[in-house]
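These are the residues of each chain, in order.
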There are 2 protein chains.
Amino acid sequence: MAIEKSDTLHGRILEEFSSNIVDGTWPPGYLLPKETELAEQYGVSRMTMNKVLTRLASEGFVIRRKRSGTVVAQPRAESAVFAINNIGEEVAALGRRYKWSLLSSDSRAGNAQDRRLLGLNEDEAKDNSLFLQGLHFSNDEPFCLETRVINTKMVPDALGVDFEKDVPGSWLLTTMPWTKARHHVRAINVSGRDATLLELPVGAACLEVLRRTQIDAHWVTCARLLYPGEAHQLIAEFDGKIGG
Amino acid sequence: MAIEKSDTLHGRILEEFSSNIVDGTWPPGYLLPKETELAEQYGVSRMTMNKVLTRLASEGFVIRRKRSGTVVAQPRAESAVFAINNIGEEVAALGRRYKWSLLSSDSRAGNAQDRRLLGLNEDEAKDNSLFLQGLHFSNDEPFCLETRVINTKMVPDALGVDFEKDVPGSWLLTTMPWTKARHHVRAINVSGRDATLLELPVGAACLEVLRRTQIDAHWVTCARLLYPGEAHQLIAEFDGKIGG
DNA sequence: TAGTGGTCTAGACCACTCC
DNA sequence: GAGTGGTCTAGACCACTAG
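Residues numbered from 1 in each chain as written. Chains lettered and ligands numbered in written order. Predicted model: local features only at pLDDT ≥ 70, side-chain atom pairs only at ≥ 80, totals over all residues. Heavy atoms only, no water.

**Overview of the protein's contact with DNA strand C**
Taken together, 22 residues surround DNA strand C, and among them A:Arg64, A:Arg67, B:Leu9, B:His10 and B:Thr48 come closest. Backbone atoms, meaning sugar plus phosphate, form 65% of the atoms of DNA strand C positioned within 4 Å of the protein. At 3.0 Å from a phosphate oxygen of DNA strand C is found a side-chain nitrogen or oxygen belonging to A:Lys34. Here a phosphate oxygen of DNA strand C sits 2.8 Å away from a polar atom, N or O, in the main chain of B:Ser45. Every element with two or more residues in the surface near DNA strand C is listed here: helix 3 (46-58), strand 1 (62-65) and strand 2 (69-72) of chain A together with helix 1 (9-22) and helix 3 (46-58) of chain B. Here the residues of the surface near DNA strand C are counted per class, giving four nonpolar, eight polar and ten charged. (Near = heavy atom within 4 Å. Polar contact = N/O pair within 3.5 Å; in protein donor to acceptor, adjacent residues only side chain to side chain. Helix = DSSP H or I, 4+ residues; strand = E, 2+ residues; numbered from the N terminus. Nonpolar A, V, L, I, M, F, W, Y, C, P; charged D, E, K, R; others polar.)

Below you can see the structure in the form of structure tokens.
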């Protein structure tokens, strides 16, 4: 089998440079030749070399400053990127049968307990709120307990949706495609009704994900996702690889 | 206060386009005019418009295909990006006093329990392994229990380091700056020695982070980081914002 | 104040893909 | 086969900043 050639000019140079950085040939602090010089060395135009260096900078591999040039960055702190996927897809990806079951649906004002659970302010969730609770199943076993409040001022259509059929998260995604979210993840000892619903003994460790979704400055929905701890794990890969 | 002007040509167009997508002016599936047309409309060169569209595509907002043109993408599944930072920085960021305390350090072969705990294969960690355990403190309270094995074939210098002074994670970061890592996060009920060291009752929920670091195909170090559950949470923001 | 990166242009050729 | 995005060039001006 022949060695695969890289596809583009700037792609090849990008790979070479990132290799140099990752394998230590260019250690942190190393000063790269200037743009015009590199362009000449590699026989490309300045724009092409600029594309490479701009990309390296945006990925955090190098720091570029006028007059002082381009230097290899100090490595980023150990870090990780997690992707929390759609629950239905997540279950399907595990090769299991997915089911959603709505437990309750109330259009009412939120009380202090709701606000605490979902991490809302006092002003938020006082009215125009739709409270939902339901279970996600994987092969008929409880996989995730979802407690959610939807701001019906932002999403009035939600009042007309049958959430026994439509999974709230998925429906919201199709309705408000591009939103911002903030997540908090922690471990808790499950108790009370949560334990009963998840069919877990009181005190079992669970992974709690709080997700607050907003569009501009307005919150759209807040969800609390409770996963049986030992059964579920977030998996993340992190590397300095460029591209993809 | 005057309205802030955007800095660059492509920056302004990028903002405009991403706004159009996020606020629904351009819904998923919307077909954008072709590159040359857009360039003409905005009075810029094709390269500049290409920069905008290429960026939009790399951020996942649009799909570009030859002949068929550029269309607004179906929104990505709900997802989140977590950053796990250096523990010392993490504690400092909370405005607390940080301390590291090494509990044990052994250069030995790993047994089955070690491998299970750290998620290693049988072939890995059989020799050339340095086992460490220590506690990270926040204001003199246990913040994180770290159990780690270092592949001394990859990092021979590690045998000469005094890990009572140097925090393993930080030291490795300065020694092998650009590495890849895989993380597994789950909730567990703490027990035994782990509970004692973290000064927690048996059964308390903890967040367990398994981090396996490698360079190319070779593992460098595996760490198990155990955080008292209620006290620690991962925080992540995710949005479709472009730039930064 | 001189050198560096930041940005932009006008034009060109190519490759892929849909009709 | 025709039209689209993908890529590249040579040259230009500007803004910032280190010395």
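**Some points on unusual backbone geometry**
Glycine aside, the phi torsion of most residues is negative, and most peptide linkages are trans. Phi at A:Arg67 is positive, roughly 70 degrees, even though this residue is not glycine. By the secondary structure assignment, A:Arg67 is in the loop between strand 1 and strand 2.

**Focus: the relation of the copies chain A and chain B**
When chain A is fitted onto chain B, the two copies agree to an RMSD of 0.1 Å after a turn of 180 degrees and an axial shift of 0.0 Å. What the rotation and shift describe, once combined, is the action of a two-fold rotation axis. Most of the interface of chain A is mirrored in chain B, where 100% of its interface residues are also at the interface. (Least-squares fit on C-alpha atoms with pLDDT ≥ 70 in both. Contact = heavy atoms within 4.5 Å.)

**Quick look at the confidence of the model for chain A**
Residues and elements named next belong to chain A. Looking at chain A, pLDDT values average 87 and 93% of them are 70 or higher. Predicted confidence in chain A is weakest over strand 9 (residues 234-238), with a mean pLDDT of 79, and strongest over helix 7 (residues 192-198), with 97. For the stretch residues 1-5, pLDDT sits under 50, and the model shows zero contacts to residues farther than four places along the chain or on other chains. (pLDDT = per-residue confidence, 0-100.)

**A look at the side chain of A:Glu35**
Residues and elements named next belong to chain A. In this structure, Glu35 sits in helix 2 (residues 35-42). Among the polar contacts listed, one links the side chain of Glu35 to the side chain of Arg46, at a separation of 2.5 Å. Engagement of the side chain of Glu35 in a polar contact is seen with the side chain of Arg64, the distance being 2.7 Å. Beyond its immediate stretch of four places on either side in the chain, Glu35 contacts Arg46, Met49, Asn50, Leu53 and Arg64.

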